[in-house]
Amino acid sequence: EKTSPNKTVEGVIGGCTFSLVLATLGAWIQKWPYWYVLGPVHGVSLALLGLVGDLTASMLKRDAGMKDFGDLIPEHGGIMDRVDSYIFTAPYGWLVCGYLIPWLRRVADARAAAAVLAV
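First, a word on what this report is: a plain description of the structure on this page. As the structure is a computational prediction, the values presented were derived from the model and not from experiment.

Once that is clear, we can look at the packing of helix H2 (residues 35-63) against helix H4 (residues 86-118). At their nearest, the axes of H2 and H4 sit 8 Å apart, and the two run at 160° to each other. Of the possible angle classes, the one that applies to H2 and H4 is roughly antiparallel. The handedness of the crossing between H2 and H4 is right-handed. On H4, the residues that touch Leu38, Val41, His42, Ser45, Leu46, Leu49, Gly50, Val52, Gly53, Thr56 and Ala57 of H2 are Ile87, Phe88, Thr89, Tyr92, Val96, Leu100, Ile101 and Leu104. Of the residues that constitute the contact of H2 with H4, the class distribution is 13 nonpolar, six polar and no charged.

Judged by nonpolar contacts, Ala27, Trp32, Leu38, Tyr92, Val96, Ile101 and Leu104 together constitute the single largest core of seven residues. The greatest single-element share of this core, amounting to four residues, is contributed by H4. In this structure, Trp32 is in contact with Ala27, Leu38, His42, Ile101 and Arg105, ignoring residues within four places of it in sequence.

Another aspect to go through is a nonpolar patch on the surface. The grouping of Phe18, Leu22, Leu25, Trp28, Ile29, Trp35, Tyr36, Val37 and Val41 at the surface amounts to a nonpolar patch, some 950 Å² of accessible area in total. Looking at the nonpolar patch, the elements that each hand over two or more residues are helix H1 (9-29) and H2. Counting residues per element, the nonpolar patch draws most heavily on H1, at five residues. Within the secondary structure layout, Val37 lies in helix H2.

In this structure the tally under the stated criterion is two aromatic pairs. When the centroid spacing of 5.8 Å and the interplanar angle of 80° are considered together, the rings of Trp35 and Tyr36 count as edge-to-face. The exposure class assigned to Trp35 is partly exposed, which follows from its relative accessible area of 32%. Plain terms: the ring middles of Trp94 and Tyr99 are 5.4 Å apart, the flat faces sit at 80° to each other, and that makes the pair edge-to-face. Considered together, Trp94 and Tyr99 belong to a single accessibility category, that of exposed residues.

Where H1 contacts H2, the axes come no closer than 7 Å and their chain directions differ by 140°. Classified by the angle between their axes, H1 and H2 sit oblique to one another. Pair H1 / H2 crosses with right-handed handedness. Residues Val12, Gly15, Cys16, Ser19, Leu20, Ala23, Thr24, Ala27 and Trp28 of H1 pack against Trp35, Gly39, Pro40, Gly43, Val44, Leu46, Ala47, Leu48 and Leu51 of H2. When its residues are assigned to classes, the contact of H1 with H2 shows 13 nonpolar, five polar and no charged.

Parameters at a glance
The numbering scheme is per chain: residues are counted from 1 as the chain's sequence reads. With the structure being a predicted model, the display of local features is reserved for residues of pLDDT at least 70 and the display and counting of side-chain atom pairs for 80 or more, all residues being used for whole-chain, interface and lining totals. Water and hydrogen atoms were dropped before computing side-chain values, which therefore reflect all heavy atoms in the structure. Fitted lines through C-alpha atoms give the axes, limited to the stretch in contact for helices. The angle between two N-to-C directions lies from 0 to 180 degrees. Only DSSP runs of H or I reaching four residues or more are called helices, and only runs of E reaching two or more are called strands; each is numbered from the N terminus. Should an angle fall under 35 degrees it is called roughly parallel, over 145 degrees roughly antiparallel, and 65 to 115 degrees roughly perpendicular, with every other angle called oblique. Should the near helix be turned counterclockwise from the far one by less than a right angle, the crossing is left-handed, whereas a clockwise turn marks it as right-handed. Residue contacts are counted whenever heavy atoms from the two residues lie within 4.5 Å of one another. Under this grouping Gly is polar, as are all residues other than the nonpolar Ala, Val, Leu, Ile, Met, Phe, Trp, Tyr, Cys and Pro and the charged Asp, Glu, Lys and Arg. In plain words, nonpolar cores are sets of buried Ala, Val, Leu, Ile, Met, Phe, Trp, Tyr and Cys residues tied together by side-chain atoms within 4.5 Å. Three exposure classes are used, based on accessible area relative to the maximum for each residue type with a 1.4 Å probe and protein chains only: buried under 20%, partly exposed in between, and exposed over 50%. The patches reported here contain residues having more than 30% relative accessible area and no salt bridge. Joining distances are 9 Å for like charges and 5 Å for nonpolar side chains (Val, Leu, Ile, Met, Phe, Trp, Tyr). Every accessible area reported is derived by Shrake-Rupley at a probe size of 1.4 Å, with residue values counting cover from the shown protein chains alone. In what follows, salt bridge is the name for a side-chain nitrogen of Lys or Arg lying within 4 Å of a carboxyl oxygen of Asp or Glu. Here the aromatic set is Phe, Tyr and Trp, taking the six-membered ring for Trp, and pairing holds for ring centres within 6.5 Å; pairs whose planes are under 30 degrees apart are stacked, those over 60 apart are edge-to-face, and all others are tilted.

Following this line, the structure appears as structure tokens:
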């Protein structure tokens, strides 16, 4: 039995592409250091981690013999289906925004200072 039969390769590619474009735009607008690399990598990482979270929740649901996680939202599989992608994207986003981006900002500032001193 398939874990999530409605998922397609085309959907994953489309989701990764859309996420890549939006994350790159967001990184540029927010002036992230090395936005042209970090934005696309961040976007694709978020898309793939969201998919893994969704598939993980689907596997747990199937193993428990449940069709849906609840009926709070009709025809949507329950509230867990609305937030399952956060299982892995939330910790990843916290690490990137809380630690990686500030560290890269310090690296970029140090490189800029070294370039000014070299002149």
